[in-house]
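Chain by chain, the residues:
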Amino acid sequence: MVILITGATGLVGSKISEDLLSQGHTVHYLTTRKSAIKSSDNHKGFLWNVKEMTIDAKCIDGVDAIVHLAGETVFQKWTDAAKKRILNSRIDSTNLLLNLLKENEHQVKHVVTASAIGIYPDDQDGKALREDEIPPTATNFLADVCIAWEKIGTQFKELGLTHAIVRIGIVLSGKGGALEQMSKPVKFYAGSGFGNGKMWQSWVAIDDLSGIFIHILNHELEGVYNGVAPHPVRNRPMMNRIGKVMGKPVFLPNVPEFIMKVMLGEMSSIVLASQHASSSRIEEKGYSFKYPELEAALRSYLK
Ligand SMILES: NC(=O)c1ccc[n+]([C@@H]2O[C@H](COP(=O)([O-])OP(=O)(O)OC[C@H]3O[C@@H](n4cnc5c(N)ncnc54)[C@H](OP(=O)(O)O)[C@@H]3O)[C@@H](O)[C@H]2O)c1
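Numbering of residues begins from 1 in every chain and follows the order in which that chain's sequence is written. Local features in a predicted model are, by the rule used here, given only for residues with pLDDT of at least 70; side-chain atom pairs are given and counted only at 80 or more, and totals for whole chains, interfaces and linings are based on all residues. Excluding hydrogens and water, the side-chain values take into account all heavy atoms of the structure.

The name recorded for the chain in an unreviewed UniProt entry is TIGR01777 family protein, from Nonlabens xylanidelens. Here the chain is described in UniProt, under the heading Sequence similarities (unreviewed entry), as follows: "Belongs to the NAD(P)-dependent epimerase/dehydratase family. SDR39U1 subfamily." UniProt positions are given in the numbering used here, feature names are shortened, and annotations may be inferred rather than shown by experiment.

Colleague: Looking at this model, I keep getting lost on the site of the ligand. Mind explaining?
Modeller: Any residue with a heavy atom positioned within 4 Å of a molecule or strand is treated as near that molecule or strand. The full set close to the ligand counts 21 residues, and Thr 9, Thr 31, Thr 32, Leu 69 and Arg 90 are the nearest of them. Polar contact criterion, stated in full: a pair of N or O atoms within 3.5 Å, where within protein one must be able to donate a hydrogen and the other to accept it, and residues adjacent in sequence count only if both atoms are side-chain atoms. The separation between an oxygen atom of the ligand and a polar main-chain atom of Leu 11 is 2.9 Å. One of the backbone nitrogen or oxygen atoms of Val 171 is found 3.3 Å away from an oxygen atom of the ligand. Contact with the protein chains removes 79% of the 890 Å² of surface that the ligand exposes when unbound. At the level of elements, helix 1 (11-22), helix 2 (80-103) and strand 7 (110-116) are the ones that each hand at least two residues to the shell around the ligand. The residue makeup of the shell around the ligand, split by class, is nine nonpolar, nine polar and three charged. Each accessible area is a Shrake-Rupley estimate made with a 1.4 Å probe; only the visible protein chains count as cover when residues are assessed. To qualify as a helix, a DSSP run of H or I must reach at least 4 residues; to qualify as a strand, a run of E must reach at least 2; elements of each kind are numbered from the N terminus. Asp, Glu, Lys and Arg are counted as charged, while Ala, Val, Leu, Ile, Met, Phe, Trp, Tyr, Cys and Pro are counted as nonpolar; the rest, among them Gly, fall into the polar class.

Colleague: Is there a simple way to think about the UniProt feature "domain: DUF1731" (unreviewed entry) in the chain in this case?
Modeller: Under the present numbering, the feature "domain: DUF1731" (unreviewed entry) in UniProt falls on residues 255-299. Helix makes up 53% of residues 255-299 and strand 0%, with an end-to-end C-alpha separation of 25 Å.

Colleague: Honestly, helix 1 in this entry has me stumped. Any pointers?
Modeller: Structurally, the α-helix is built with 3.6 residues per turn, so residues lying three or four positions apart point the same way. The end-to-end C-alpha separation of helix 1 is 17 Å, in line with the 16 Å expected for 12 residues at 1.5 Å each. Residues Val 12, Gly 13, Lys 15, Ile 16, Ser 17, Asp 19 and Leu 20 constitute the buried set of helix 1. Should any heavy atoms of two residues lie within 4.5 Å, those residues are counted as being in contact. Among the structural elements, strand 1 (2-6), strand 2 (26-31), strand 6 (65-68), strand 9 (170-172) and helix 5 (206-218) are those in contact with the buried residues of helix 1. A helix is expected to span 1.5 Å for every residue after the first. The rule is simple: take the accessible area with a 1.4 Å probe, protein chains only, and divide by the maximum for that residue type; under 20% is buried, over 50% is exposed, in between is partly exposed.

Colleague: Would you mind going over the pairing of strand 2 with me for this structure?
Modeller: Strand residues, when the strand is regular, have side chains that alternate between the two faces of the sheet. Here strand 2 lies mainly inside the structure; six of its six residues are buried. Burial along strand 2 is two-sided: the face carrying Thr 26, His 28 and Leu 30 and the face carrying Val 27, Tyr 29 and Thr 31 are both buried. Any two strands with at least two DSSP-identified bridges between them are counted as paired. Here strand 1 pairs with strand 2 via five bridges, running parallel. From the neighbouring strand, Val 2 faces strand 2, where its bridge partner is Thr 26. Alignment of strand 2 against strand 4 (residues 43-49), held across five bridges, turns out to be parallel. Bridging across to strand 4, Val 27 finds its partner in His 43.

Colleague: Could you clarify how one ought to interpret the side chain of Ser 279 in this entry?
Modeller: Mapped onto the fold, Ser 279 is located in the loop between helix 8 (268-272) and helix 9 (280-284). Not counting residues up to four positions away in its chain, the partners in contact with Ser 279 are Val 228, Ala 229, Pro 230 and Phe 289.

Colleague: Sorry if this is basic, but what is going on with the pattern of salt bridges here?
Modeller: Between side chains of opposite charge, a pair can form as their charged atoms come close. Any carboxyl oxygen of Asp or Glu that lies within 4 Å of a side-chain nitrogen of Lys or Arg is treated as forming a salt bridge with it. This model, assessed by the stated rule, comprises 14 salt bridges. For Lys 261, the salt bridge identified is with Glu 257, shortest N-O distance 3.0 Å. Of this pair, Lys 261 and Glu 257 are both found in helix 7 (residues 257-264), four residues apart, which corresponds to roughly one turn of the helix. Under the relative-accessibility criterion, Lys 261 is labelled partly exposed at 43%. Note that Arg 299 is salt-bridged to Glu 295, the shortest N-O span being 2.9 Å. Linking Arg 299 with Glu 295, this pair stays in helix 10 (residues 294-301), spanning four residues, or about one helical turn. Accessibility expressed as a relative area gives 43% for Arg 299, which makes it partly exposed.

So this is what it looks like as structure tokens:
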């Protein structure tokens, strides 16, 4: 297969690219940076400029499927300008892809777009949420972004393509991202939980997240799938487990919610939100997790 990936230089996209290449597929990718363009027979970079709505149409040549991950990072202060960039980068990039497909001959059959479990309401007590159980309701800025991103994605279906969405959880990787941020203070015996420490953290190992995207591509699946592991944990036990694996016990009291809000502003909602998402649907479609349990994932990525 030839797969076009957006956001391929990021944490998730680079792992999916690496895995697709090692399985013998060809990867085309779109980047906003000239310096990130590399080209070999089976791995080719192309430029786009989402702000100016320009794209190198050659990126679509021979492509069977698209994986769309690109978007401005949400891990920054949520000023009005940043919120606009976070939302617009996702909506405008999706529009660029839709226009590309409308205006050019192509053989694309399948599109898989990213979303996040932040689309679900913040809930510390409920049961694990399946994709179709709770209609997405906007409860904060991130939910707004996810709803808008998922909604515009439905237009791929209107073009006659098969469309799937992966609602990504907290991605654990040995190469940066959430785990690096969580483990940094633990290294200096300064680890702690946040708020009341009871928030559900629906984590996923990067190997499995990449595996889920590739499973969806291989089986041409459509619909929405939570990209989370089968056994989420609550915040304080997650921090305690990180401490255990690193051999650095986490003993400090949790950082109170109001301090998180003062430190991070509105963005603290990412850290304080509780989302208990179910992995059942992708498992029912035949995906088998390499890291269903947290501790094995931590042992692998915190080495
Ligand atoms: N990591 C997580 O825990 C997590 C959780 C839930 C959802 N997600 C979502 O999954 C997607 C991939 O996550 P990630 O962690 O791999 O993100 P990442 O490491 O921040 O990478 C995002 C990629 O998007 C591209 N990008 C950034 N700003 C852009 C802009 N303004 N216009 C166009 N492209 C832009 C960049 O590619 P170039 O610099 O090459 O252009 C970058 O490599 C993101 O949409 C993210 O919101 C991630």
